[in-house]
Amino acid sequence: MSDLVRLSAAELASALAAGDVSSVEVTRAHLDRIGAVDSAVHAFLHVDPVGALAQAAAADARRADDDDFPELLGVPVAVKDILTTKGLPTTAGSRILDGWAPPYDATVVTRLRKGGQPILGKTNMDEFAMGSSTEHSAFGPSHNPWDLDRIPGGSGGGSAAAVSAFEAPLAIGTDTGGSIRQPGAVTGTVGVKPTYGGVSRYGLIALASSLDQAGPVARTVLDAALLHDVIGGHDPLDSTSIDTQWPSMAAAARAGDVAGLRVGVVKELGGEGYQVGVQARFEETLTLLVDAGAELVEVSCPHFELALAAYYLILPSEASSNLAKFDAMRYGMRVAPEGVALPSAEEVMRATREAGFGDEVKRRIILGTFALSSGYYDAYYGQAQKVRTLISRDFEAAFAQADVLVSPTAPTTAFRIGEKVDDPLAMYLNDIATIPANLAGVPGMSLPSGLAREDGLPTGFQILAPALQDARLYAVGAALEAMLVDRWGGPLLDMAPELTVED
Amino acid sequence: MTGPGSPAQAVTSPITRDEVLRLAQLARIDLTDAELDHLAPQLAVIVESVAAVSSVAADDVPPSSHALPLQNVFREDETRPSLAPEEVLRGAPESEQQRFSVPRILGEDA
C-alpha cells in the first residue's frame, strides 16, 4: 500500500502545499488502492479514474498558477451515490435508477468541484438510504474492512468503508437517522451530521426532507472539519438552508478543548440493550473527559424512548411522498406489465415500481401510505409529529444543563452480513441513539472510542450539540480524539487487519 | 377491506393482507402473492411497534413538521439559465419531438 493513502486529508493538504507531492500522484494512489481492495470491500458503485485524474491535473495546474487556493485543493473525495453528479451515474443504490446520469450537480458536489477536489467515484448505500447495513443496496452489500463478513453500517456504509479501507481520505455521507454516524461507529471512522440546514440538500435525492442532512466522513476530526467548511453554508437553491455566517469548523478542531465543559450523559441512551463492550468503552471515554477537566451531568430525555416509533412514522410518510416521483415517465427505469397489450401509464408505473424497488423501500412506502391515510392519520402521523415536539423540548431542557450531550453512537458493534436483513425491527434498533438528533435538527458527531473487548470491533462515541453549534462538536471531538489516540499509541485504524491486496 | 376507524380502533390491528394490497395499490406498486405473504406480517409487526406513539398524552402539544422554524423564501423573478431540452430528455425512457413520451393516460374508450 502506498504511504500516501495512509495520510490524513490535512497531511495530504500540507504535502501538496509544500510541493512534496502532486494531486495526480495522490489521486492515482487512491485509485490504485481502490483497484486493489474494492472487489473485497465493495465501497464503490462507480469509480471515475479518468474524471478524477483530469480534476487532479487541473488542481495541480491551479496551484502552480495561483497563490490563493482552498486548503483541500487536490485532495480527492468519494461521494455517496445519493448526491447528483453531472454525467456520472447516480443510482441511490436502487435498480430503478440503474444507468441514470443526472444533468446537474448537487450543491455539495459543485462546492467540491470549486474547491478542486477530485471525485474518485460514487459510494454504495442502502437503497434510497433506507437501512443500517448497506444490505438493502440493489447492487450488493459493502463489507466492513475490520471483518469482511460484517456490515459497515448504513445507509452510508460505502463512504465509511471507503475511508476506513484507505480507498479515499474523505467522503460525503448523508444522515437521516444516523446514516453518517452509525457507519462511522462500526468502521472506526469519524462522521458528522451537521445542523439541519447547515449543508445544502439541493441535488440530494430526498428520503425524508425534514430529516436529511449531508455531512463529512473522514478518519480524523480535523479532516471532517476541513470538509465541513468546504460543503457547508447557505445555498439559495435550498429553501431550508440556514442563511448565517458559520465559524470555521477547522479552527474549532485545531483549538480543541474540554476544560470546564459540561458534558450531559443521556440516561435513556445507554445501559440495557447496549453491548457490554460498547458501554465499557463509552464509560472509559467519559473518564478521559473528566481527567481533562470536563464536568459530567446526568440528563434525562424521557421522550427519547418514543423517538424510534415517531421516526418510523415520520420517515416513511415523507418517503412515500418523495418516492412518488419514480413513476417511469421522465427518467429511470420503465417496465411494461406482462400480458397487457396496451398498458396504461398507471399500469406501467405499478409494474416499474414493483420491479425497480427492493423490499425495504416497498415496506416503507406502504407504511408511509398507511400512516398518512385517512382514518389513521391522527393516531399515527399526527401523534408522531407531537412526539417530535416533545423530543425537541427534551433537548432544550438537557442543553440548559449541559454544553454537549453524549452517548454510545450505536448499541452494538458491526453485526454479520445476513444477520438482520429480514428482521426490519432489529435493523431499526441500530439507530436508536442517533435518531433523536435528526428529529430535533441538532448536530451530532461519532468518533471512535476503541474496540469492544468481546469481539475486537470498533465502538463509537456520539457527541450532540445545540442547533447551530456544530463548531462545538469539533472542539470537543478533536480534544477527545487526541486523548484517545495518545492512550492507544496511534490511530485506532492502525489496529485494523491488513486487507488482502489484488495486483 | 379494512376501513378507516377511530384512532382507538386503528391502534388494534389495522394491517391485514388485504389492507397491504390496498395500500400498495394506492402507492402504485404491484405486489406478487409471495411478496404479500412476506411483507404483510412484517408490516403488522412494525405498525404494532410504532403505535407506541399513542401512549403519550399530547392533546396540548403542537405538532412539529420540521425541527427548526421555517419561513417561506422568495427570490427575484428573473430569467436564469436552464437545462437544454436534450439534457432534460437524455434520461427519459422514451421521448419524441422534444417531449417525454408516456403510455396512454386515458381509458381506450375515452
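Here is what the cut-offs are and how they apply
- Residue indices follow the written sequence of each chain, beginning from 1 at its first position.
- Lettering for chains starts from A, numbering for ligands starts from 1, and both go in the order in which the items are written.
- Totals for whole chains, interfaces and linings use every residue, but because this is a predicted model, local features are given only for residues with pLDDT of at least 70 and side-chain atom pairs only at 80 or more, for both listing and counting.
- The side-chain values count all of the structure's non-hydrogen atoms but skip hydrogen atoms and water molecules.
- Only buried Ala, Val, Leu, Ile, Met, Phe, Trp, Tyr and Cys residues count toward a nonpolar core, and they belong to the same one when joined by side-chain atoms within 4.5 Å.
- Relative accessibility decides the category of a residue: with a 1.4 Å probe and only protein chains considered, values under 20% of the type maximum give buried, values over 50% give exposed, and everything between is partly exposed.
- Any pair of residues with heavy atoms lying within 4.5 Å of one another is described as a contacting pair.
- Salt bridges are identified by distance alone: a Lys or Arg side-chain nitrogen within 4 Å of an Asp or Glu carboxyl oxygen.
- Between N or O atoms, a polar contact is any pair within 3.5 Å; within protein, one atom must be a potential hydrogen donor and the other a potential acceptor, and residues adjacent in sequence are included only when both atoms are from side chains.
- A run of DSSP states H or I qualifies as a helix once it reaches four residues; a run of E qualifies as a strand once it reaches two. Both are numbered from the N-terminal end.
- Three classes are used: nonpolar for Ala, Val, Leu, Ile, Met, Phe, Trp, Tyr, Cys and Pro, charged for Asp, Glu, Lys and Arg, and polar for all others, with Gly counted as polar.
- We call two strands paired when DSSP finds no fewer than two bridges between them.
- All axes here are fitted lines through C-alpha atoms, helices being fitted over the stretch that makes contact, and every angle between N-to-C directions spans 0 to 180 degrees.
- Residues qualify for a patch when their relative accessible area is over 30% and they have no salt bridge, like charges being joined within 9 Å and the nonpolar side chains of Val, Leu, Ile, Met, Phe, Trp and Tyr within 5 Å.
- Where accessible areas are quoted, they stem from the Shrake-Rupley method and a 1.4 Å probe; at the residue level, only the protein chains shown are allowed to cover.
- The charged-residue count follows a simple rule in which Lys and Arg add positive charge and Asp and Glu add negative charge, with His and chain termini not counted at all.
- Just so you know, the charge point we use is NZ for Lys, CZ for Arg, CG for Asp and CD for Glu.
- Pairing of aromatic rings covers Phe, Tyr and Trp, the last counted by its six-membered ring, and requires centre-to-centre distances within 6.5 Å; plane angles under 30 degrees mean stacked, over 60 mean edge-to-face, and any other angle means tilted.
- Each ring is checked for a lysine NZ or an arginine CZ that lies within 6 Å of its centre and within 35 degrees of its normal; such an atom marks a charge sitting over the ring.
- Grid points spaced at 1 Å and placed over the protein atoms alone form the basis of the search, with a cavity being a set where a 1.4 Å probe fits but cannot get out and a pocket an open set showing protein on both sides within 12 Å along at least five of seven lines. Lining residues have an atom within 4 Å of a point.
- Grid points are joined across faces, edges and corners, and a volume is the space filled by probe spheres set on the points.

Here we take up the nonpolar core. Residues and elements named next belong to chain A. Phe 128, Tyr 380 and Tyr 474 are the most contacted members of the largest nonpolar core, which has 150 residues in total. In contact with Tyr 474, not counting residues within four places along its chain, are Val 192, Pro 216, Val 221, Ala 224, Ala 225, His 228, Met 249, Ala 252, Ala 253 and Met 445. Ranked by size, the runner-up nonpolar core spans 19 residues in total, among them Ala 36, Phe 44, Ala 165 and Ile 180.

This next bit is on the interface of chain B and chain A. The partner chain A presents 67 residues to the 62 residues of chain B that form the contact. On the surface where chain B and chain A come into contact, there are five salt bridges. Across the pair A:Glu346 and B:Arg28 runs a salt bridge whose closest N-O atoms are separated by 3.8 Å. On inspection of chain B and its partner chain A, the count reaches 20 residue pairs in polar contact (both at pLDDT 80 or more). Looking at the side of chain B that touches chain A, the elements with two or more residues in it are α1 (7-12), α2 (17-26) and α3 (33-50) of chain B. Among the elements that make up the side of chain B that touches chain A, the one with the highest residue count is α3(B) (10 residues). Along the lines of polarity and charge, the residues of the side of chain B that touches chain A split into 38 nonpolar, 14 polar and 10 charged.

Residues and elements named next belong to chain A. Along the chain, Leu 72 falls in the loop between α3 (49-65) and β2 (77-80). A C-alpha to C-alpha distance of 24 Å links Leu 72 and Leu 237, two positions 165 residues apart in sequence. Those residues in contact with Leu 72, other than ones at most four positions away along the chain, are Ala 9, Ala 13, Gly 115, Gln 117, Leu 170, Leu 226, Leu 227 and Val 230.

Adjacent strands of a sheet pair through backbone hydrogen bonds, lying either parallel or antiparallel. Residues and elements named next belong to chain A. A sheet is described by the order of its strands in space; here 11 strands give the open sequence β1-β3-β2-β4-β6-β5-β10-β11-β9-β7-β8, paired in mixed fashion. Here the strands that pair on one side only, and so sit at the sheet edges, are β1 (44-47) and β8 (295-299). Between one strand and the next, the sheet's axes are offset by a mean angle of 30°, whatever the strand orientation. Two strands pair when backbone bridges link them, and strand β5 (residues 190-193) and strand β6 (residues 213-218) are joined in this way by two bridges, in the antiparallel orientation. What sits directly across from Gly 191, in β6, is Val 217. Each of β4 (170-175), β5, β6 and β10 (444-451) is contacted by helix α7 (residues 221-231), which is oriented at about 145° to β6, the strand it contacts most.

Turning our attention to a negative patch on the surface. On the surface, a cluster of negative charge is made up of A:Asp65, A:Asp66, A:Asp67 and A:Asp68. Along the chain, the position of A:Asp66 falls in the loop between α3 and β2.

Our next topic: the pairing of β5(A). The two faces of the sheet receive side chains in turn, since in a regular strand these alternate between them. Residues and elements named next belong to chain A. Burial along β5 is two-sided: Val 190 and Val 192 facing one way and Gly 191 and Lys 193 facing the other are all buried. Alignment of β5 against β10, held across three bridges, turns out to be antiparallel. If you follow Lys 193 over to β10, its bridge partner there is Gly 444.

Another aspect to go through is the side chain of A:Gln275. All names here are of chain A. Position of Gln 275 among the secondary structure elements: in the loop between β7 (262-266) and α9 (276-291). At 3.0 Å, the side chain of Gln 275 and the backbone nitrogen of Thr 413 are in polar contact. Other than its neighbours up to four places away in sequence, Gln 275 contacts Pro 411, Thr 412, Thr 413, Ala 452, Glu 454 and Asp 455.

Right, let's talk about the packing of aromatic side chains for a bit. All names here are of chain A. This structure, assessed with the given rule, holds 14 aromatic pairs over all chains. An aromatic cluster is present here, built from Trp 100, Phe 128, Phe 326, Tyr 331 and Phe 357 joined pairwise through their rings. A cation sits over an aromatic face here: Arg 6 above Phe 166, 4.0 Å from the ring centre. Its end group placed over the ring of Phe 69, Arg 63 keeps NZ or CZ at 4.5 Å from the ring centre.

Moving on, we get to empty space enclosed by the protein. Residues and elements named next belong to chain A. Counting across every chain of the model gives three cavities of 30 Å³ or more. Its volume calculated, the largest cavity comes out at about 50 Å³. Lining of the largest cavity is provided by Ala 129, Gly 131, Thr 176, Gly 177, Gly 178, Ser 179, Leu 207, Tyr 311, Tyr 312, Leu 315, Arg 364 and Asp 431. With three residues, helix α10 (residues 307-322) is the largest single contributor of residues to the lining of the largest cavity. When grouped by side-chain class, the residues that make up the lining of the largest cavity number five nonpolar, five polar and two charged. In this structure, the second largest cavity spans a volume of roughly 40 Å³. Lining the second largest cavity are Ala 185, Val 186, Val 278, Ala 410, Thr 412, Thr 413, Pro 458, Thr 459 and Gly 460. Mapped by element, the contributors of at least two residues to the lining of the second largest cavity are α6 (181-187) and β11 (458-464). In terms of residue count, the dominant contributor to the lining of the second largest cavity is β11 (three residues). Here the residues of the lining of the second largest cavity sort into five nonpolar, four polar and no charged.

Glancing now at unusual backbone geometry. Between A:Gly154 and A:Ser155 the backbone carries a cis peptide bond, its omega angle lying at 10°. Of note, A:Ser155 is situated in the loop between β3 (119-123) and α5 (157-164). Here A:Phe166, not a glycine, exhibits a phi torsion of approximately 60°, which is positive. One non-glycine residue with positive phi stands out, namely B:Gln98, at about 55°. Under the relative-accessibility criterion, B:Gln98 is labelled exposed at 60%.

The next point concerns the pairing of β11(A). Residue and element names in this part refer to chain A. For β11, the tally of buried residues reaches seven of seven residues, placing the bulk of the element in the interior. Of the two faces of β11, the one holding Pro 458, Gly 460, Gln 462 and Leu 464 and the one holding Thr 459, Phe 461 and Ile 463 are both buried throughout. Bridge count for strand β9 (residues 404-408) against β11 is four bridges, and the pairing is antiparallel. Considered in β11, the bridge of Pro 408 is made with Phe 461. As judged from the seven bridges shared by β10 and β11, these two strands associate in the antiparallel manner. By the bridge assignment for β11, Pro 448 is matched with Gly 460. Counting the residues between successive antiparallel strands, the hairpin from β10 to β11 contains six residues, one of them, Gly 456, with a positive phi of roughly 70°.

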